[in-house]
Protein chains: 2
Amino acid sequence: MVSRRVSMDDIARHLGVSRSTVSFVINDRSDIRIAEETKRRVWEAVSELGYRPHAAARSLASSRTNLLGLVTDIASSPFGGGIITGAQRAAWERGQVLLIVSVDSDASADTAMLEMLLERRVEGLIYATAGHIGVSLPDAASEVPVVLVHCEDVDGRYPSIVPDEEHGGYTATRHLIGQGHRRIALINLDAHFPADGRRSGYERALREAGIDIDPALVVSGSADAGAGYALTQRILRADDPPTALFCGTDRMAMGAYDAAREAGLRIPEDVAVVGYDDQEIVAAYLRPALTTIALPFEEMGAAAVEALNGDMDAFAGSTMRGWLVERASA
Amino acid sequence: MVSRRVSMDDIARHLGVSRSTVSFVINDRSDIRIAEETKRRVWEAVSELGYRPHAAARSLASSRTNLLGLVTDIASSPFGGGIITGAQRAAWERGQVLLIVSVDSDASADTAMLEMLLERRVEGLIYATAGHIGVSLPDAASEVPVVLVHCEDVDGRYPSIVPDEEHGGYTATRHLIGQGHRRIALINLDAHFPADGRRSGYERALREAGIDIDPALVVSGSADAGAGYALTQRILRADDPPTALFCGTDRMAMGAYDAAREAGLRIPEDVAVVGYDDQEIVAAYLRPALTTIALPFEEMGAAAVEALNGDMDAFAGSTMRGWLVERASA
DNA sequence: TTGTAAGCGTTATCAG
DNA sequence: CTGATAACGCTTACAA
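Fair warning: this is a prediction, and the values are worked out from it, not measured in the lab.

Caption draft 1: Spatial organisation of the domain arrangement of chain A. Residues and elements named next belong to chain A. Domain annotation for chain A reports domain 1 (8–53), domain 2 (67–163 + 297–320) and domain 3 (165–294). Just the C-alpha atoms count here: the centres of domain 2 and domain 3 sit 31 Å apart. Taken together, the 7 residues of domain 2 in the interface contact 6 residues of domain 3. When domain 2 packs against domain 3, the two sides together hide about 580 Å² of surface, and 59% of this comes from carbon and sulfur. Where domain 2 touches domain 3, the interface holds 0 salt bridges. The tally of links between domain 2 and domain 3 comes to 2 residue pairs in polar contact (both at pLDDT 80 or more).

Shown next as structure tokens:
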């Protein structure tokens, strides 16, 4: 069917010019002046003969692959596909392509897959996770520039781009305070990185508003609906219960909804709720729809690509802000 | 730092053998007999000198890239990352790599991205979508083998692998019948492909059980919680209301929960609910946890890779079965 | 069983 | 402004 792929030689021969000329035209090299007429003819022949450059040959000759490796556990998670989207968009704008490798969330990083990426000569490596966690990469990773997204290198070797959890916690709490609440509970998640920041932000907002921090209003548990339910139930039963809940994750908020409902409380009239993550499927469909903090996934993905392309240091330890998505629960 | 990459020549020279010998050993070519001792020395040198094959050079020489293109809108969806996982696992087992390109769910297929994949010389193309829909691919796609996953080619040019919706509908309904229900409502979604099959399965199950199909119990709307809520509300108000609901999506089931709750009905005691999709975040965290039909995403992803590698026709129009995930709602 | 040499399809370096 | 010619790092007949 495909009578043989047409090569650069074919189009050069077809036009009676040299291969270099064709190459120059196709790569639009501005450092070399080529007659407009020649260019036109080259492009014409290209589309006429149906020529398509051969990426591997190009890489071999130029020793540039324009390939970026993205190792991640997010493809199989309901979460943060935004990182892929953002990274890919940024890469595409630079003529780069992502080689995405999805790994299990527990395997910190599969060596064989990394080895494969290096054989493909990726020119940079992004390591992204669904949850904000600590990771450790195989030594081989150091052969190319590396940036972590939404995770931190426990060995301290690579820069990482993570959400500004403190700011998120602050924003959520400020929002609640702005609506007149003074007794605001924090139903936090246990996980180290995200929890600590969210809590600091929560405390800062209260402090700034001159509200005393009541330790009885701060609890934590696993990041799921079950824990959200149990913790909320407990906290609503206390004397002098909160009028607002800031939940560490949307899933916890999901559980909080059930607990509130069972306690006969209306949302947001009797108790306001703010979540965290903006997991669309949960947040948008809860009734009432959940007000929550969105994480800057796309932005982080794009920033990672930019970091790989430019000044790595500019992004080292850099933190990116999410934002409040106001719906009906607070 | 990296003093210069070590090439095959380097290790050949280091060992005093020819490059071909090294190549044969590294590719473990069984059609050529090489002294065990030689093999050992080669591998030793490889790890000692830190040699890593150059994929592009290899592709150029062998005209095999071992690259498969995966164009999809699922990366940015909460859905079906399983397709990626399954496809990648199957590809990896064959020494192949996926070049994943994520596109917006509305763009049926971006031509520029496809062009890029073809320049990279992908040896096959998988086009996968989050929802079971109809799509149309650019002509250029036909230059390589193509399989669609979870979608169907409206132009009828390519085979596709889709879930067996009829079987899913049948399974869900059978389950409800098995629990003694006879008045089972179908809160279906509107979308063409998935809805029709689920409905046929529902009807077949009823027919087989000798239960009359009551048109008043079959309704449909958009695939979200809002519609699920409204439709359920309406159907529960009818005289002789159903004792069980089979919802076209988990999100619709989410809405159904709210409607049932507001009607003062307990799940599953007063009304049983079965969903569809097994969107973990919804299904597992609803209270009570939702019994639902899981779609065979990983299986479809893997099947696509296999189809691309072998007999395409064996998979043409092939349909894969999902399964019931029994939780607490029915 | 191992070596030689000719590509694979580009880019890059120099002359012209 | 254009054209030879040598890489790029590997696979693969074909010889030895």
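Here the narrative resumes.
Caption draft 2: Quick look at the UniProt feature "domain: HTH lacI-type" (unreviewed entry) in chain A. UniProt annotation of "domain: HTH lacI-type" (unreviewed entry) refers to residues 6–62 of chain A when read in the numbering used here. Overall, residues 6–62 of chain A shows 67% helix and 0% strand. The separation of its end C-alpha atoms is 20 Å.

Caption draft 3: Expanded view of helix H9 (residues 225–237) of chain A. Residues and elements named next belong to chain A. In this model H9 runs 18 Å from its N-terminal to its C-terminal C-alpha over 13 residues, within 8% of the 18 Å that 1.5 Å per residue would give. Those residues of H9 that sit buried are Ala-225, Ala-227, Gly-228, Tyr-229, Leu-231, Thr-232, Ile-235 and Leu-236. In this structure, the buried residues of H9 make contact with strand E6 (184–189), strand E7 (218–221), strand E8 (244–247) and helix H10 (250–262). Two or three places before Gly-226, at the opening of H9, Asp-224 has a side-chain oxygen 3.1 Å from that residue's backbone nitrogen.

Caption draft 4: Looking closely at the packing of helix H7 (residues 165–178) of chain B against helix H8 (residues 192–208) of chain B. All names here are of chain B. Two numbers describe how H7 lies on H8: the axes approach to 6 Å, and their chain directions differ by 40 degrees. Regarding the angle of H7 to H8, the classification is oblique. Relative to H8, H7 is oriented so that their crossing is right-handed. Counted together, Glu-165, Glu-166, Gly-169, Tyr-170, Thr-173, Arg-174 and Ile-177 of H7 and Phe-193, Pro-194, Gly-197, Arg-198, Ser-200, Gly-201, Tyr-202, Arg-204, Ala-205, Leu-206 and Glu-208 of H8 form the full contact between these two elements.

Caption draft 5: Seen up close, the protein's contact with DNA strand D. In the vicinity of DNA strand D there are 28 residues, among which Ser-20, Thr-21 and Arg-33 of chain A together with Met-8 and Tyr-51 of chain B approach most closely. Within 4 Å of the protein, the atoms of DNA strand D are drawn from sugar and phosphate moieties in a proportion of 65%. The contact in question runs from a phosphate oxygen of DNA strand D to an N or O atom on the backbone of Met-8 of chain B, over 2.6 Å. Separating a phosphate oxygen of DNA strand D from a side-chain N or O atom of Asn-27 of chain B is a distance of 3.0 Å. Elements represented by at least two residues in the surface near DNA strand D include exactly helix H2 (19–26) and helix H4 (55–62) of chain A together with helix H2 (19–26) and helix H4 (55–62) of chain B. Tallied by class, residues from the surface near DNA strand D come to 12 nonpolar, 11 polar and 5 charged.

What counts, and where the lines are drawn
- Residues numbered from 1 in each chain as written.
- Chains lettered and ligands numbered in written order.
- Predicted model: local features only at pLDDT ≥ 70, side-chain atom pairs only at ≥ 80, totals over all residues.
- Heavy atoms only, no water.
- Domains from an automatic or database assignment.
- Contact = heavy atoms within 4.5 Å.
- Buried area = accessible area lost by both parts, 1.4 Å probe.
- Salt bridge = Lys/Arg side-chain N within 4 Å of Asp/Glu carboxyl O.
- Polar contact = N/O pair within 3.5 Å; in protein donor to acceptor, adjacent residues only side chain to side chain.
- UniProt positions renumbered as here; feature names shortened; annotations may be inferred.
- Helix = DSSP H or I, 4+ residues; strand = E, 2+ residues; numbered from the N terminus.
- Expected span 1.5 Å × (residues − 1).
- Buried < 20%, exposed > 50% of the residue type's maximum accessible area, 1.4 Å probe, protein only.
- Axes fitted to C-alpha atoms, helices over the stretch in contact; angles between N-to-C directions.
- Parallel < 35°, antiparallel > 145°, perpendicular 65-115°, else oblique.
- Left-handed = near helix turned anticlockwise from the far one by under 90°.
- Near = heavy atom within 4 Å.
- Nonpolar A, V, L, I, M, F, W, Y, C, P; charged D, E, K, R; others polar.

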